Amino acid sequence: MTETTATASGRDDTGASQTLSVRDNRTGQEYDVPIVDGAIRAADIGKIKTEDEPGLAVYDPGFVNTASCRSAVTFIDGEAGILEYRGYPIEQLAEKSSYLEVAYLLVHGELPTKDQYDSWVHEITYHTFVHENIRTFMQGFRYDAHPMGMLLASVGALSTFYPESRSISDADNRHMQVVRLIAKMPTLGAWAFRHAQGKPYVYPDNDLGYAANFLAMLFKMSEQKFNADERLIRALEVLFILHADHEQNCSTNAVRSVGSSEVDPYSAVTAGIAALYGPLHGGANEAVLRMLRRIGSEDRVPEFIEGVKNGKERLMGFGHRVYKNYDPRAKIIKQAADDVFEVTGVNPALKIALELERIALEDEYFVTRKLSPNVDFYSGLIYEALQVPPGMFTVLFAIPRTSGWLAQWLELVQDPDQKIARPKQIYTGPRTLDFMAPSERWK
Ligand code: CMC
């Protein structure tokens with residue numbers, strides 16, 4: 001019997017060894033692979049080889065069952081519908097905390113004292129302005145540019161304004177860039193919106209809180225001060241808290257993967273924004289609204305559901321890679337939607353959404369596949385009630401997710417286990433073909 005060697009001990013709390021015994025039927029060899037924290041190391045599997053074949057690889061498109069890192073930022077139990085940031089349940093944070101406190105928690109790993117919180121809020125507020133050349137840069141986009149495209153290009157451009165951000169091993173420098181990114185995202189996001197509206201960009205109002213200032217930059221016109229309804233500000237704070245992190249999703253994985261090359265955090269976060277742009281990820285809430293518009297009325301819901309079951313349609317805002325019973329964020333969002341509709345009046349598309357949810361939750365197709373509403377099913381309805389158009393929805397996701405991306409990036413750059421991301425492939429193409437020069441081939 002050959003025993004694979006691994007750096008980890010493979011012992012549980014009681015000291016008992018936990019291993020996986022594998023028999024390679026090609027060679028008859030047996031291997032004991034250490035199990036640590038419920039996982040085996042892919043590198044240990046790579047030690048299983050024959051004389052002619054290289055070490056075994058694990059084929060896992062989409063990382064369905066591959067842990068890419070060890071992380072202490074966010075915990076999810078998909079079966080039980082549990083989401084915790086740094087150990088705190090999302091329900092409690094959404095009810096009692098503020099977005100900037102949650103951002104501090106994610107980034108620093110623990111809740112702030114009063115002094116720490118005040119100085120964090122001061123730092124973030126102080127850095128909300130961007131260099132005037134960024135403004136000129138943004139003004140160069142076409143009149144109908146998608147705000148997410150503008151956001152991702154502008155965040156990428158920020159790296160050229162802060163070349164020192166490349167010193168990622170300097171803790172003070174890292175902190176500075178984290179503050180800048182969290183502070184400037186609402187400014188860039190609001191300006192992308194104003195651009196599409198043909199309205200003048202509004203500078204930050206540092207007397208206002210994070211969400212209130214964002215609403216002011218979106219909607220202020222000639223008034224001296226823009227004061228949004230407190231209930232709307234709170235609803236936006238709650239949405240920001242719910243979207244702040246979600247462990248190793250597509251965009252966070254993009255941030256970590258790109259960040260593993262030791263590039264500056266602006267470039268790494270830009271990769272996250274690009275990933276979030278896609279309709280299967282952050283773009284889903286925009287797709288939900290378009291879907292609801294297309295359905296048009298409640299009586300057409302059954303026909304649409306049939307289309308989904310026949311594979312002609314996808315029920316956007318439903319299903320999740322991790323949550324297989326319910327998404328805890330969707331429950332909180334439904335409450336936030338009620339609060340917003342109290343101020344703005346009910347969004348007419350809500351009736352269609354409720355009917356879709358009612359029928360889908362009873363239908364065998366959705367029940368057997370464990371498909372239920374995710375965070376994006378209702379968030380778009382709230383944004384629309386806030387007068388935010390669908391093209392901006394993903395921007396409203398990217399702004400709060402920045403604190404999560406940065407918490408994950410900080411963890412990555414300080415993790416001695418991390419290496420540059422470089423997955424394996426299973427090559428399926430031809431080999432050793434003879435190349436003929438074009439002059440020969442095209443005779
Ligand atoms: N509508 C219809 N069928 C679905 C849906 C859906 N929304 N989601 C999954 N299915 C079906 C899928 O066709 C498959 O069926 P079958 O077994 O017959 O082939 C089965 O359910 C399993 O789906 P999957 O595609 O293997 O699941 P996944 O974990 O790869 O995909 C997902 C997760 C979120 C990409 C997917 O559920 C989806 O496309 N949902 C709609 C888009 C959406 O709402 N995205 C937002 C996710 S939450 C916010 C975020 O994290 O960005």
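Conventions and cut-offs
- Residues numbered from 1 in each chain as written.
- Predicted model: local features only at pLDDT ≥ 70, side-chain atom pairs only at ≥ 80, totals over all residues.
- Heavy atoms only, no water.
- Buried < 20%, exposed > 50% of the residue type's maximum accessible area, 1.4 Å probe, protein only.
- Helix = DSSP H or I, 4+ residues; strand = E, 2+ residues; numbered from the N terminus.
- Axes fitted to C-alpha atoms, helices over the stretch in contact; angles between N-to-C directions.
- Parallel < 35°, antiparallel > 145°, perpendicular 65-115°, else oblique.
- Left-handed = near helix turned anticlockwise from the far one by under 90°.
- Contact = heavy atoms within 4.5 Å.
- Pairing = 2+ DSSP bridges.
- Domains from an automatic or database assignment.
- Core = buried A, V, L, I, M, F, W, Y, C linked by side-chain atoms within 4.5 Å.
- Polar contact = N/O pair within 3.5 Å; in protein donor to acceptor, adjacent residues only side chain to side chain.

## Here's the deal with unusual backbone geometry
For step 1, the next point in the chain: For aspartate 37, which is not a glycine, the phi torsion comes out positive at approximately 50 degrees.
For step 2, the next point in the chain: Aspartate 37 gets classed as exposed once you look at its relative accessible area, which sits at 61%.
For step 3, the next point in the chain: Here lysine 370, not a glycine, exhibits a phi torsion of approximately 55 degrees, which is positive.
For step 4, the next point in the chain: Tracing the backbone through its elements, the reader meets lysine 370 in the loop between α16 (364-368) and α17 (375-385).

## Let's talk about the packing of helix α10 (residues 250-259) against helix α18 (residues 393-413)
For step 1, the next point in the chain: Orientation of α10 relative to α18, taken along the N-to-C sense of each, is 40 degrees, at an axis distance of 9 Å. Comparing their axes, α18 and α10 come out oblique. Helix-helix and strand crossings are classified by hand; for α10 and α18 the assignment is right-handed. Here α10 contributes Ser251, Thr252, Val255, Arg256 and Gly259 to the contact with α18, which in turn contributes Arg401, Trp405, Gln408, Trp409, Glu411 and Leu412.

## Considering the pairing of strand β4 (residues 74-77)
For step 1, the next point in the chain: Burial of β4 is one-sided: the residues Thr74 and Ile76 facing one way are buried, the residues Phe75 and Asp77 facing the other way are not.
For step 2, the next point in the chain: The turn joining β4 and strand β5 (residues 82-85), which pair antiparallel and follow one another in sequence, is formed by four residues; a positive phi near 70 degrees is taken by glycine 81.

## A closer look at the side chain of serine 372
For step 1, the next point in the chain: Among the structural elements, serine 372 can be located in the loop between α16 and α17.
For step 2, the next point in the chain: A relative accessible area of 11% means that serine 372 is categorised as buried.
For step 3, the next point in the chain: Leave out the neighbours within four places in its chain, and serine 372 touches Gly317, Phe318, Gly319, Asn325, Tyr326 and Leu361.

## Thoughts on the domain arrangement of the protein chain
For step 1, the next point in the chain: Here the protein chain is partitioned into domain 1 (1-58) and domain 2 (71-410).
For step 2, the next point in the chain: Here the C-alpha centroids of domain 1 and domain 2 sit 41 Å apart.

## Topic: the nonpolar core
Note that soluble globular proteins tend to have their nonpolar side chains buried in a common cluster.
For step 1, the next point in the chain: Of all hydrophobic cores here, the largest spans 120 residues; its most connected members are Tyr85, Trp120, Ile182, Met291, Leu292, Leu315 and Leu356.
For step 2, the next point in the chain: No other element matches α18, which puts 12 residues into this core.
For step 3, the next point in the chain: Other than its neighbours up to four places away in sequence, tryptophan 120 contacts Leu100, Ala103, Tyr104, Val107, His108, His175, Val178, Val179 and Ile182.

## Some details on the side chain of arginine 329
For step 1, the next point in the chain: Locating arginine 329 in the fold gives a position in helix α14 (residues 328-344).
For step 2, the next point in the chain: Among the residues examined, arginine 329 registers a relative accessible area of 2% and is labelled buried.
For step 3, the next point in the chain: Those residues in contact with arginine 329 that sit more than four places away from it in its chain are Leu83, Leu242, His246, His320, Tyr323, Val375 and Arg401.

## Describing the environment of arginine 174
For step 1, the next point in the chain: As for its position among the elements, arginine 174 is in helix α7 (residues 171-197).
For step 2, the next point in the chain: A residue is classified by how much of its surface remains accessible, and arginine 174, at 10% relative accessible area, is buried.
For step 3, the next point in the chain: The spatial distance from the C-alpha of arginine 174 to the C-alpha of tryptophan 409 is 9.9 Å, given a sequence separation of 235 residues.
For step 4, the next point in the chain: In this view, arginine 174 contacts Ile168, Ser169, Trp409, Leu410, Val413 and Gln414; residues no more than four positions away in its chain are not counted.
For step 5, the next point in the chain: For arginine 174, the side chain forms a polar contact with the main-chain oxygen of isoleucine 168, separated by 2.8 Å.

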